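Residue-level structure breakdown
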Amino acid sequence: MSVIVNRYKCGYCGACVGVCPVGALELVETWIEVDNTCTSCGVCAKICPVGALGVVK
Amino acid sequence: MRSSYDVIIVGAGPGGSITAKTCAQAGLQVLLIEKRQEIGDPVRCAEGVGKEGLMQHIQPDSRWIAAELKGSMIFAPDGTEIKMSEEASSQKAGFNLERKVFDRVLAQQAAMAGADVMVKTRAIGLLRSNGSISGIKAMYMGEVTEIKADIVIGADGVESKVGRWGGIDTSLKPVDINTCTQFLVSNIDAGEYNKFYIGEKYAPGGYLWLFPKGEHTANVGLGILGSKCGTVRPILLLHKFMETYMPDGKIIEMVVGGVPVSGPIKQTVANGLILVGDAARQSDPLTGGGIINAMDAGKIAGEVCIKAKEKGDYSVKILKEYEDRWRATIGKELSKSLMIKNLLIKVSDEQLNQLAHSLSGIDTSKMALPKVLPILFKKNPKILWELRSLFI
């Protein structure tokens with residue numbers, strides 16, 4: 001379970017990191033990293049201002 | 001660079017830099033780290049500040065003031081205009097900053113006061129000893145180092161991890177965040193007022209803004225409530241607005257961001273730990289403004305760090321003073337704004353128009369929002385009944 005970040009869309013704002021309930025995301029300079037605690041809840045994908053995130057179930 | 005400090009501040013935004021400066025000026029050993037390689041860039045902000053609030057911390061300087069404003073204008077969904085004036089509207093009107101320069105100047109002031117600064121340095125965890133936070137694990141150029149400190153300040157923004165690592169749940173629900181896109185638009189007549197367009201039509205659960213930045217440019221952006229995001233996205237709505245209202249505008253920069261609109265969270269200190277600014281969710285739930293709140297909180301945090309150092313006690317017992325002081329000032333305003341936000345996200349565009357019409361014949365141009373609200377309540381008690389405790 002994870003999320004896929006479209007790096008060509010992502011504006012590296014970190015909004016997704018702020019809403020992740022389990023702290024699975026991290027903004028590192030200009031990219032988002034996802035760790036294995038991701039539950040695929042989809043909150044990050046919902047709130048992304050540019051729609052750069054997709055959930056993998 | 002030392003291996004241990006009195007205070008380490010994670011994040012060199014306005015909140016972090018003011019905390020660092022305050023501590024360093026008192027002679028504390030301070031380290032300010034910033035994960036980006038450039039402080040202040042990319043901007044995630046509409047850049048508006050109130051003059052009065054700003055001048056509590058720094059003297060205005062033309063290097064980082066992009067525009068001085070006459071006041072604010074709010075536009076209801078049907079186009080009805082409400083003008084509010086600069087001298088009265090301390091929160092919204094004032095200056096529009098050039099954050100790329102402003103943030104650097106603040107970090108530089110912290111450095112000149114004696115703080116060490118490290119850029120491209122990211123906190124990746126906290127150190128602990130005897131039930132207290134006692135420093136950070138940091139990564140610089142791929143190398144991990146441990147740096148000790150009596151107090152760690154999490155000023156690490158909307159994406160804050162420091163609080164979570166320290167046991168404070170700062171995660172935001174979709175209803176607690178405004179998700180935003182902003183263009184720096186050129187080739188337009190930006191005027192001398194900050195303009196706010198409200199209603200579902202423009203920005204569901206948020207608003208669209210036009211903040212002049214001089215030289216025929218403006219920050220044009222919008223934020224929508226996270227819970228209303230998904231089928232619509234800020235970037236799509238903003239393009240739509242541009243096509244309709246400023247077809248000749250040229251986009252010369254694009255930024256995105258998330259603004260906490262949760263109102264005060266339960267806890268912002270732990271043993272050896274303080275959260276400041278967006279990391280402490282201290283941005284205003286109604287306006288989204290966070291610069292002055294972060295700086296005010298940073299000042300308080302710095303003062304409390306100085307006190308803790310004097311006493312040699314970095315536990316919650318001493319750090320709680322920070323919590324008490326920001327709640328009594330910033331926190332009160334946040335709670336009021338949260339009430340208004342919670343109502344406004346339920347109000348229809350038709351009702352917003354009604355509210356705007358009810359002000360016709362009243363000169364609000366010399367008033368700020370806190371003065372206009374009671375008038376609105378008096379004329380529209382039915383729509384605004386939920387806010388009665390603010391006025392009665």
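All values derive from a computational prediction rather than experimental measurement.

Remarks on the overall build of chain B
Tallying secondary structure elements over chain B gives 11 helices and 18 strands in all. Over its C-alpha trace chain B gives a radius of gyration of 21 Å, about what one expects of a compact globule, namely 21 Å for 392 residues. Considered along the principal axes of its C-alpha atoms, chain B spans approximately 60 × 45 × 40 Å. When each of the 392 residues of chain B is scored for burial, the buried share is 59%.

Details of the overall build of chain A
On a plain count of helices and strands, chain A comes out with two helices and four strands. Over its C-alpha trace chain A gives a radius of gyration of 10 Å, about what one expects of a compact globule, namely 10 Å for 57 residues. Projected onto its principal axes, the C-alpha coordinates of chain A cover approximately 25 × 20 × 15 Å. Counted over contacts in chain A with a minimum sequence separation of 6, partners at least 24 positions apart contribute 53%. Put simply, chain A shows about 2,600 Å² of open surface, and 56% of that area lies on carbon and sulfur atoms. When the 4 basic and 4 acidic side-chain charges of chain A are each reduced to a single mean position, those positions are 17 Å apart.

Observations concerning the interface of chain A and chain B
How big an interface is tends to be reported as the loss of accessible area on association of its parts. The interface is formed by 25 residues belonging to chain A together with 31 residues belonging to chain B. Taking both partners together, chain A and chain B bury about 2,100 Å²; carbon and sulfur atoms supply 54% of that area. When the buried surface of chain A facing chain B is broken down by residue, A:E29, A:K46 and A:P49 rank first, second and third, together holding 27% of it. The tally of links from chain A across to chain B stands at three salt bridges. Counting every contact that joins chain A to chain B gives 16 residue pairs in polar contact (both at pLDDT 80 or more). Among the residues making up the side of chain A that touches chain B, the classes are represented as 17 nonpolar, five polar and three charged.

Some details on the packing of helix α1 (residues 14-25) of chain B against helix α6 (residues 291-311) of chain B
All names here are of chain B. The contact between α1 and α6 brings their axes to 7 Å, and the two run at 30°. The angle between α1 and α6 falls in the class roughly parallel. Judged by the twist between their axes, the crossing of α1 over α6 is right-handed. Only I291, A294, M295, G298, K299, A301, G302, E303, C305 and I306 of α6 make contact with α1, whose side of the interface consists of P14, G15, I18, T19, T22 and C23.

Here we look at the sheet that holds strand β4 (residues 65-68) of chain B
Pairing is antiparallel across the open sheet formed by three strands, whose spatial order is β3-β7-β4 (chain B). Both outer strands of the open sheet, β3 (48-49) and β4 of chain B, are each paired with one neighbouring strand and no more.

Let's talk about the packing of aromatic side chains
All names here are of chain B. For the structure shown, the criterion picks out 12 aromatic pairs over all chains. One aromatic cluster is present, formed by F75, Y197, Y202, F241 and Y245 through successive ring pairs. Between R2 and the ring centre of Y5, over which it is positioned, the NZ or CZ distance is 5.7 Å.

Notes on the state of the cysteines
Throughout the structure, instances matching the rule amount to zero disulfides over all chains. With no disulfide of its own, A:C16 lies closest to A:C44 among cysteine sulfurs, the gap being 6.2 Å.

Brief notes about the packing of α1(B) against helix α3 (residues 99-112) of chain B
Residue and element names in this part refer to chain B. At a closest axis distance of 8 Å, the pairing of α1 and α3 adopts a crossing angle of 20°. Taken together, the axes of α1 and α3 lie roughly parallel to each other. α3 is crossed by α1, and the crossing has left-handed handedness. Residues P14, S17, I18, A20, K21 and A24 of α1 touch α3, and the partners they reach there are R99, F102, D103, L106, A107, Q109 and A110.

Concerning the environment of A:A45
By the secondary structure assignment, A:A45 is in helix α2 (residues 43-47). A:A45 sits in the buried class, given a relative accessible area of 10%. Counting along the chain gives 29 residues from A:A45 to A:C16, while the straight-line C-alpha distance between them is 7.4 Å. What A:A45 contacts, discounting residues up to four positions off in sequence, is A:L53, A:V55 and B:R233.

What counts and what doesn't
Residues numbered from 1 in each chain as written. Chains lettered and ligands numbered in written order. Predicted model: local features only at pLDDT ≥ 70, side-chain atom pairs only at ≥ 80, totals over all residues. Heavy atoms only, no water. Helix = DSSP H or I, 4+ residues; strand = E, 2+ residues; numbered from the N terminus. Rg over C-alpha atoms; globule rule 2.2 N^0.38 Å. Buried < 20%, exposed > 50% of the residue type's maximum accessible area, 1.4 Å probe, protein only. Contact = heavy atoms within 4.5 Å. Areas by Shrake-Rupley, 256 points an atom, 1.4 Å probe, with all protein chains shown as cover. Lys, Arg positive; Asp, Glu negative; His and termini not counted. Charge placed at Lys NZ, Arg CZ, Asp CG, Glu CD. Buried area = accessible area lost by both parts, 1.4 Å probe. Salt bridge = Lys/Arg side-chain N within 4 Å of Asp/Glu carboxyl O. Polar contact = N/O pair within 3.5 Å; in protein donor to acceptor, adjacent residues only side chain to side chain. Nonpolar A, V, L, I, M, F, W, Y, C, P; charged D, E, K, R; others polar. Axes fitted to C-alpha atoms, helices over the stretch in contact; angles between N-to-C directions. Parallel < 35°, antiparallel > 145°, perpendicular 65-115°, else oblique. Left-handed = near helix turned anticlockwise from the far one by under 90°. Pairing = 2+ DSSP bridges. Phe/Tyr/Trp six-rings, centres within 6.5 Å; stacked < 30°, edge-to-face > 60°. Lys NZ or Arg CZ within 6 Å of the ring centre and 35° of its normal. Disulfide = S-S within 2.5 Å.

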